[in-house]
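Residue-level listing of the chains:
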Amino acid sequence: MKTKSELTKEMDCQPEECLASLLPVRDALEVLSGRWKLPILIALSNRPKRFKEISKDINGITDKMLSKELKDLEVNKLVIRTVYDTFPPTVEYARTEHSHTLYNVISALNEWGTLHRKEIIGNRNE
């Protein structure tokens, strides 16, 4: 994680440089956007799972949305879909090695979300 001074230095740039540095951020947000992608990746963090297992793990997601999000994650090489030659065919979803590079991102979002929640909601025990 970068220090505050490193981030401030990076943000002190010429307009063209700043816009160019936003491209990777936009890419990342586009890949991870929406309500369901991170919960899907977290649901798959321990082992490969079948569609219905993922669906049961994520409260509130519809099968149609799960299918769409899994396809998006597959296109972005974060999830791999494996079809086994059984009758009926067995399909499993698993995280790719590339998806494990998101560990620090998810950890940072968790840390910031906790901080933000405290800032907005405050300590209810007071």
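Residues numbered from 1 in each chain as written. Predicted model: local features only at pLDDT ≥ 70, side-chain atom pairs only at ≥ 80, totals over all residues. Heavy atoms only, no water.

Visitor: Help me understand the layout of surface pockets, please; the structure alone is not making it clear to me.
Guide: Which parts of space are left empty comes out when a probe the size of a water molecule is rolled across the atoms. Counted as a void, the second largest pocket has a volume near 150 Å³. The wall of the second largest pocket is formed by Ile42, Ser45, Arg95, Ser99, His100, Tyr103, Ile106 and Ser107. With 3 residues, helix H6 (residues 103–121) is the largest single contributor of residues to the lining of the second largest pocket. In the lining of the second largest pocket, the residues fall into 3 nonpolar, 4 polar and 1 charged. (1 Å grid on protein atoms, 1.4 Å probe; cavity = no way out; pocket = protein on both sides within 12 Å on 5 of 7 lines; lining within 4 Å. Points joined across faces, edges and corners; volume = space filled by probe spheres on them. Helix = DSSP H or I, 4+ residues; strand = E, 2+ residues; numbered from the N terminus. Nonpolar A, V, L, I, M, F, W, Y, C, P; charged D, E, K, R; others polar.)

Visitor: Help me out: how do you make sense of the sheet that holds strand S3 (residues 90–95) in this one?
Guide: Across a sheet, strands are paired by hydrogen bonds formed along the backbone, either parallel or antiparallel in direction. Judged by pairing direction, the sheet is antiparallel, and its 3 strands sit side by side in the order S1-S3-S2 without closing on themselves. Every interior strand has two partners, whereas the edge strands, strand S1 (49–50) and strand S2 (79–84), have only one. For S2 and S3, the ladder comprises 6 bridges, and the chain directions are antiparallel. Counted as the bridge partner of threonine 82 is glutamate 92 from S3. (Pairing = 2+ DSSP bridges.)

Visitor: Hey, could you run me through H6 in this one?
Guide: What sets the pattern is the α-helix's 3.6 residues per turn: residues three or four places apart point alike. With 19 residues, H6 extends 26 Å between its outermost C-alpha atoms, agreeing within 8% with the 27 Å of an ideal straight helix rising 1.5 Å per residue. With respect to burial, H6 is a largely exposed element, only 0 of its 19 residues being buried. (Expected span 1.5 Å × (residues − 1). Buried < 20%, exposed > 50% of the residue type's maximum accessible area, 1.4 Å probe, protein only.)

Visitor: Is there a simple way to explain the nonpolar core in this structure?
Guide: What tends to happen in soluble globular proteins is that the nonpolar side chains get buried as a cluster. Residues Ile40, Leu41, Ile54, Ile58, Leu70, Val79 and Tyr93 are the most contacted members of the largest nonpolar core, which totals 17 residues. For this core, the secondary-structure elements that each account for two or more residues are helix H3 (37–43), helix H5 (63–75) and S3. Sequence-distant contacts of isoleucine 58, that is, excluding residues within four places in its chain, are made with Trp36, Pro39, Ile40 and Ala43. (Core = buried A, V, L, I, M, F, W, Y, C linked by side-chain atoms within 4.5 Å. Contact = heavy atoms within 4.5 Å.)

Visitor: How should I be thinking about the pairing of S3 in this particular structure?
Guide: A regular strand carries its side chains on alternate faces of the sheet. With 5 of 6 residues buried, S3 lies mostly within the body of the structure. Bridging between S1 and S3 involves 2 bridges; their strand directions are antiparallel. What sits directly across from lysine 49, in S3, is tyrosine 93.

Visitor: Please explain the pattern of salt bridges as it appears in this structure.
Guide: Between side chains of opposite charge, a pair can form as their charged atoms come close. Throughout the structure, instances matching the rule amount to 7 salt bridges. Close ionic contact of glutamate 53 with arginine 47 constitutes a salt bridge, the shortest N to O distance being 3.0 Å. Arginine 47 sits in the partly exposed class, given a relative accessible area of 42%. Between lysine 68 and glutamate 69 there is a salt bridge, and its shortest N-O distance comes to 3.4 Å. On the basis of relative accessibility, which here comes to 43%, the residue lysine 68 falls in the partly exposed class. A relative accessible area of 3% places glutamate 69 in the buried class. (Salt bridge = Lys/Arg side-chain N within 4 Å of Asp/Glu carboxyl O.)

Visitor: How should I be thinking about a nonpolar patch on the surface in this particular structure?
Guide: On the surface, Leu19, Leu22, Val25 and Leu29 cluster together into a nonpolar patch covering about 380 Å² of accessible area. Position of valine 25 among the secondary structure elements: in helix H2 (residues 15–32). On the accessibility criterion, valine 25 (43% relative accessible area) is partly exposed. (Patch = residues over 30% accessible without salt bridge, like charges linked within 9 Å, V, L, I, M, F, W, Y side chains within 5 Å. Areas by Shrake-Rupley, 256 points an atom, 1.4 Å probe, with all protein chains shown as cover.)

Visitor: Looking at this structure, I do not really get the side chain of lysine 49. What am I missing?
Guide: Mapping lysine 49 onto the fold places it in strand S1. A polar contact of 2.8 Å, which involves the side chain of lysine 49, links it to the backbone oxygen of alanine 43. In terms of polar contacts, lysine 49 uses its side chain to reach the side chain of aspartate 57, at 2.4 Å. Apart from residues no more than four positions distant in its own chain, lysine 49 is found in contact with Ala43, Leu44, Ile54, Asp57, Val91, Glu92 and Tyr93. (Polar contact = N/O pair within 3.5 Å; in protein donor to acceptor, adjacent residues only side chain to side chain.)

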